[in-house]
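# Report on the structure
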Amino acid sequence: MRKPERPHEHCCCRATRQATGSRWKEVTSERIMSPAATDAAESKPPDGGWGWMVVVGAHISIGFAYSTPKALSIFFKEIQEDLGASSSEIAWISSIMLAVMYAGGPVSSVLVKRFGSRPIVIVGGLMCGVSMVTASFGRSIVYLYLSIGIIGGCGLCFNLNASLTIISKYFLSKRPLANGLAMAGSPVFLCFLAPLNQFLLGDFGWRGSLLILGGMMLNCCVAGALMRPVTLSCNPSAVAALKNMETTTKHNMSKKGRCLTNARQFLDFSFFKDRGFIIYLMGNTMYIFGAYAPIVFLSAYAVSQGVEEYSAAYLLSIMGFVDMFVRPGTGLIANSKWIRPRIQYFFGFAMIFNGACHLLCPMMTSYAFLVGYAVFFGVGFGMVFALIFECLMDLMGNQRFPSAVGLVTIIECFPMLLGPPTAGLLVDLYGDYKYLFYMCGAVIMSGGLFLIIMNILHYHMLEKEKAEHNGARRSPETGNQDGVSLSEAQREPTEAESAPMNRDPQDPSTDDTGPDITDHF
Amino acid sequence: MIPGKRRAAVMLLSAAIVGAMLMQPVRSQNEPSIAASENVLLTFEEGSSPGIVLQCNLTSSYSAHKENFWMKNGEEIPETRQDNKNMELKLDRPRADAAGVYVCVYTFDNAPPANATIEIKSVPVITGHKRSENKNEGQRAVLHCKSLGYPHPIWTWHKVDNGGFKDIDNSTGRFFINSRDNYTELHIVNLDINADPGVYACNATNVIGSNKETSVLRVRSHLAPLWPLLGVLAEIIILIVIIVVYEKRKKPEDLQDDDDLGGPV
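An unreviewed UniProt entry lists chain B under the name Neuroplastin a, from Oryzias latipes. A UniProt comment under Subcellular location (unreviewed entry) is attached to chain B, and it reads "Cell membrane".

Labelled according to an unreviewed UniProt entry, chain A appears under the name Major facilitator superfamily (MFS) profile domain-containing protein, originating from Oryzias latipes. The UniProt entry for chain A carries this comment under Sequence similarities (unreviewed entry): "Belongs to the major facilitator superfamily. Monocarboxylate porter (TC 2.A.1.13) family." Taken verbatim from the UniProt record of chain A, the Subcellular location (unreviewed entry) comment is "Basolateral cell membrane".

Right, here's the structure in full:
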């Protein structure tokens, strides 16, 4: 089975090596084609210019992706009355949407690698719009599961994955800031959608509201239109050499090899050999398990402490509002030259801060203290989420990021779905909310500690490996350039040296140091 | 007459007289008598709800009484059982729900219980009603009103039209009124967007007085969300056109630049 040629590979003059680390030196003299082309001192990726419009597009896209499942819950009561469903049946709509959004990650990564971000975001926006519009005509709850849950979830999944990928393509030195700004879309859109949904519900009923929301979700198509593919200038000789290499390896590859290659496109298990990736994955899983339950139970806890319902609902709005400003702020801080090289530690610190907030929550009994808790919770939550994908980009690099993020999201699906019900079980068993907060705080804090400790070990071992290789053969200096993070600078030489060793000689698809021929739609 | 027969007749007659005399006390026994306070009329003016005391006093009875308690509207009021002949029920700051039929019940060891009834009457006060109801056309709307007070009112529904109360026109047969003691519902099926929207009033009337409350009914048209949808779609199309045009204008310039430079590697 021959691996199909990617259509955009035919564009000549559009390929070069995706450079990181020391290879920046090689390409700094190349002119990068960005529409707001500035002069030659720019190295690729563009890191500015049209990139900021792409950040706006990603902001909209990610905003819809994270806020829609939560904002839809405003309609649930009326849908419940109209369709005669029980509360748990209704709650499944959001859960299915979130589950599909995360589980569709690998599929989305494959599509993004093949077609580029722009078409995928446009298709995702269309799917979301169609899902909401068809849901407005629904007569049974299963119909809503299919339309909102599955089709909507798929659309959002495409949006999320493609937006993150294109940020990694457009930014390198300003990437934490870009990530922070893009991820800020989630609280901004939630703050905007929640009252809007309430207003639409009163004026148009749930069917009319879903119809209008479907139209609004087509704004993701606008966001997709903004995501212009990155055009890279060419090196004709390199392209020719690359093509030769690819065709020869394809001919040499056995049938089994080709099958494996295609299967591996969906779930690339070679990632599990990467120590940094495993550490990130485990820390992240622990975080996601404990992250959402406090949000779900915060108002109930406040009401149990004697706060009235209206003020309790306000706590979540406060948290969202704080979150809105913390995410870009964290991006800015993470971009600074002191933090950027140590961004993985900063991420671990953010998780520990979040966990500590939760552990202290049961001591907050009065409303003023609960407001303080909500503020600190917002800060912690925002910090973690601003960095969550930045750290993965940092670990994996532009090449492997799309597949990595798909793998991470599908694995994160399980703690995300298991976390709140487990917490609810604790509340039911002990009749007290404080155990919920203790559990979540403990899990998150241990995740953070795990990340920091394991990262220290990991970098230590990387240093040792690098020293060994440098001793064996001379290779160019790879100091910290341009505020690149420690893992990127470390990764480059180890990839270059170890790539011939881990990579399957018959399997060029795992060659992530190979040329990047993408995004030419 | 034979002397034995005469004696028998005398004995029979004395037995009859004694028997008659013995039966007298049974017929002359009285029902127990209870002195109860008067019926009360509740008013709700500001500052004049001092508290009501209902009293019952067992003035005479033939048998020792065991205990007594109060009942309201057919159900026993908890924690009112006592064995004092004189019993009182205090109601502090009575609201409309204090109105009803109160019965003081005395139970006896060897006799059926006796009771006296006191009524607290008031104007019906409407408590539960929806201020507004939004429904789509063709759906069924239910407006309801709940009242407190005694005696139970008679319910009527009107439509408020230009400040005046009109009877509801049921020529289309779509209006149904269900009323119970102190609860009423107005069902409107197959809502008509032209005729049905407006203000509806439920009116509760009893011997003391009457009260009414209004609810607003709004009917949403099926086509209502289409205009905002078209507006949103127009905005999206305009934005996409702008972005595409801007990109097409830039592209020729890019291609020119690309040819100029060839990067050495």
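From this point on, the discussion continues.
### Focus: the overall build of chain B
For chain B, the count of helices and strands is 2 helices and 17 strands. The contacts in chain B between residues at least 6 apart in sequence include a share of 63% that link residues at least 24 apart. In the form shown here, chain B has an accessible surface area of approximately 16,900 Å², with 54% of it arising from carbon and sulfur atoms.

### Some points on the overall build of chain A
Secondary structure summary: chain A contains 18 helices and 2 strands in total. A total of 521 residues make up chain A; the buried ones form 57% of that total. For chain A, restricting intrachain contacts to residue pairs at least 6 apart in sequence, the fraction spanning at least 24 positions comes to 85%. For chain A, the exposed surface amounts to about 20,500 Å²; the carbon and sulfur share of it is 67%.

### Re the packing of helix 2 (residues 50-71) of chain A against helix 9 (residues 185-217) of chain A
Residues and elements named next belong to chain A. Relative to each other, helix 2 and helix 9 sit at 60°, their axes nearing to 8 Å. Judged by the inter-axis angle, helix 2 sits oblique to helix 9. Viewed along their axes, helix 2 and helix 9 form a crossing whose handedness is right-handed. Between helix 2, through His-59, Ile-60, Gly-63, Phe-64, Tyr-66, Ser-67, Thr-68, Lys-70 and Ala-71, and helix 9, the contact on the second element is made entirely by Gly-185, Ser-186, Val-188, Phe-189, Leu-190, Leu-193, Asn-197, Met-216 and Met-217. Tallied by class, the residues present in the contact of helix 2 with helix 9 amount to 10 nonpolar, 7 polar and 1 charged.

### Regarding helix 16 (residues 367-430) of chain A
All names here are of chain A. Helix length check: helix 16, at 64 residues, gives a terminal C-alpha distance of 23 Å against a target of 94 Å (1.5 Å per residue), a shortfall beyond 12%. Largest kink in helix 16: about 120°, centred on Gly-397. Taken from the residues just after helix 16, Gly-431 is the one with a positive phi, measuring 70°.

### A look at the confidence of the model for chain A
In the predicted model, chain A carries a mean pLDDT of 79, and the fraction of residues at 70 or more is 75%. Contacts of residues 1-43 of chain A to residues separated by more than four positions or lying in other chains number 111 contacts, the stretch itself having pLDDT below 50.

### Concerning the pattern of salt bridges
Enumeration over the complete set of coordinates arrives at 14 salt bridges over all chains. As a salt-bridge pair, Arg-228 of chain A and Glu-247 of chain B come within 3.1 Å of each other at their nearest N and O atoms. Taken together, the positions of Arg-228 of chain A in the loop between helix 10 (219-226) and helix 11 (236-252) and Glu-247 of chain B in helix 2 (residues 226-260) put the pair across two chains. A salt bridge links Asp-196 of chain B to Arg-174 of chain B, with the nearest nitrogen and oxygen atoms 2.7 Å apart. Of the two residues, Asp-196 of chain B sits in the loop between strand 15 (183-188) and strand 16 (198-205) while Arg-174 of chain B sits in the loop between strand 13 (164-167) and strand 14 (175-180), which places them 22 residues apart along the sequence. Given a relative accessible area of 12%, Arg-174 of chain B falls into the buried group. Taken together, the salt bridges that share partners define one network made up of Arg-118 and Arg-228 of chain A together with Glu-247 of chain B.

### Things to note about the domain arrangement of chain B
All names here are of chain B. Structurally, chain B comprises domain 1 (33-122) and domain 2 (125-220). On a C-alpha basis, the centroid separation for the pair domain 1 and domain 2 is 36 Å. Between domain 1 and domain 2, the contact holds 11 residues from the first and 7 residues from the second. In total, about 680 Å² of surface goes out of reach between domain 1 and domain 2, with carbon and sulfur atoms giving 74% of it. The largest contributions to the domain 1 side of the interface with domain 2 come from Ala-96, Lys-121 and Ser-122, which together make up 52% of the buried area. Put simply, domain 1 and domain 2 have 0 salt bridges between them.

### Describing a nonpolar patch on the surface
Residue and element names in this part refer to chain A. Among the surface-exposed residues, Leu-425, Leu-429, Tyr-430, Tyr-435 and Tyr-438 lie close enough to one another that they form a single nonpolar patch of about 540 Å² accessible area. Breaking the nonpolar patch down by element, the ones donating at least two residues are helix 16 and helix 17 (434-472). Per-element tally for the nonpolar patch: the top contributor is helix 16, with 3 residues.

### Remarks on the side chain of Asn-197 of chain A
Positionally, Asn-197 of chain A belongs in helix 9. Contacts of Asn-197 of chain A, omitting those with residues within four sequence positions, involve Ala-71, Leu-72, Ile-74, Phe-75 and Leu-213 of chain A.

### A closer look at the packing of helix 16 of chain A against helix 17 of chain A
All names here are of chain A. Here helix 16 crosses helix 17 at 160°, and the two axes come no closer than 6 Å. Comparing the axis directions of helix 16 and helix 17 gives the class roughly antiparallel. Our pair here, helix 16 against helix 17, has a crossing hand that is right-handed. Along its contact with helix 16, which presents Tyr-373, Ala-423, Leu-426, Val-427 and Tyr-430, the element helix 17 presents Tyr-435, Leu-436, Phe-437 and Met-439. For the contact of helix 16 with helix 17, the residue count by class is 9 nonpolar, no polar and no charged.

### Concerning the sheet that holds strand 10 (residues 132-136) of chain B
Sheet architecture is open: 5 strands sit in the order 10-17-16-12-13 (chain B), paired in mixed fashion. In the strand order of this sheet, the two ends are held by strand 10 and strand 13 of chain B, each with one partner. Taken pair by pair, the neighbouring strands of this sheet meet at an average axis angle of 35°, ignoring direction. As judged from the 4 bridges shared by strand 12 (residues 154-161) of chain B and strand 13 of chain B, these two strands associate in the antiparallel manner. Note that in strand 13 of chain B the partner of Asp-161 of chain B across the bridge is Gly-164 of chain B. Its contacts with the sheet place helix 9 of chain A against strand 10 and strand 17 (210-220) of chain B, and it is angled at close to 65° to strand 17 of chain B.

### Regarding the environment of Val-188 of chain A
Along the polypeptide, Val-188 of chain A turns up in helix 9. Apart from residues lying up to four places away in sequence, Val-188 of chain A is in contact with His-59 and Met-324 of chain A.

### Concerning the packing of aromatic side chains
As enumerated under the stated definition, the model contains 25 aromatic pairs over all chains in all. Ring centres of Phe-377 of chain A and Phe-381 of chain A lie 5.8 Å apart, and the angle between their planes is 75°; on these two criteria the pair is classed as edge-to-face. Note that Phe-377 of chain A and Phe-381 of chain A are positioned in helix 16 at a spacing of 4 residues, about one turn of the helix. Taken together through their ring pairs, the aromatic side chains of Tyr-66, Tyr-287, Tyr-292, Phe-297, Tyr-301, Tyr-373, Phe-377, Phe-381, Phe-385, Tyr-433 and Phe-437 of chain A make up a single cluster. The ring centre of Trp-50 of chain A lies 3.9 Å from the NZ or CZ of Arg-228 of chain A, which sits over that ring. A cation over an aromatic ring shows up here: Lys-212 of chain B above the ring of Phe-165 of chain B, its NZ or CZ 4.4 Å from the ring centre.

### Examining the state of the cysteines
Enumeration according to the criterion identifies 2 disulfides over all chains in this entry. Through a disulfide, Cys-145 of chain B is tied to Cys-202 of chain B; the S-S separation comes to 1.8 Å. Its torsion about the S-S bond being -90°, the disulfide of Cys-145 of chain B and Cys-202 of chain B is classed as left-handed. Of the two residues, Cys-145 of chain B is situated in strand 11 (residues 141-148) and Cys-202 of chain B in strand 16; the sequence distance between them amounts to 57 residues. Its relative accessible area of 0% is what places Cys-145 of chain B among the buried residues. Residue classification places Cys-202 of chain B among the buried positions, given a relative accessible area of 0%. Sequence-ordered numbering of the bonded cysteines in chain B yields a pairing of 1-2, 3-4. No disulfide involves Cys-128 of chain A; its sulfur sits 5.6 Å from the nearest other cysteine sulfur, which is in Cys-220 of chain A. Left unpaired, Cys-391 of chain A is separated from the closest cysteine sulfur, that of Cys-357 of chain A, by 19 Å.

Rules and cut-offs
- Residues numbered from 1 in each chain as written.
- Chains lettered and ligands numbered in written order.
- Predicted model: local features only at pLDDT ≥ 70, side-chain atom pairs only at ≥ 80, totals over all residues.
- Heavy atoms only, no water.
- UniProt positions renumbered as here; feature names shortened; annotations may be inferred.
- Helix = DSSP H or I, 4+ residues; strand = E, 2+ residues; numbered from the N terminus.
- Contact = heavy atoms within 4.5 Å.
- Areas by Shrake-Rupley, 256 points an atom, 1.4 Å probe, with all protein chains shown as cover.
- Buried < 20%, exposed > 50% of the residue type's maximum accessible area, 1.4 Å probe, protein only.
- Axes fitted to C-alpha atoms, helices over the stretch in contact; angles between N-to-C directions.
- Parallel < 35°, antiparallel > 145°, perpendicular 65-115°, else oblique.
- Left-handed = near helix turned anticlockwise from the far one by under 90°.
- Nonpolar A, V, L, I, M, F, W, Y, C, P; charged D, E, K, R; others polar.
- Expected span 1.5 Å × (residues − 1).
- Bend = angle between axes of the 7 residues up to and from the residue.
- pLDDT = per-residue confidence, 0-100.
- Salt bridge = Lys/Arg side-chain N within 4 Å of Asp/Glu carboxyl O.
- Domains from an automatic or database assignment.
- Buried area = accessible area lost by both parts, 1.4 Å probe.
- Patch = residues over 30% accessible without salt bridge, like charges linked within 9 Å, V, L, I, M, F, W, Y side chains within 5 Å.
- Pairing = 2+ DSSP bridges.
- Phe/Tyr/Trp six-rings, centres within 6.5 Å; stacked < 30°, edge-to-face > 60°.
- Lys NZ or Arg CZ within 6 Å of the ring centre and 35° of its normal.
- Disulfide = S-S within 2.5 Å.

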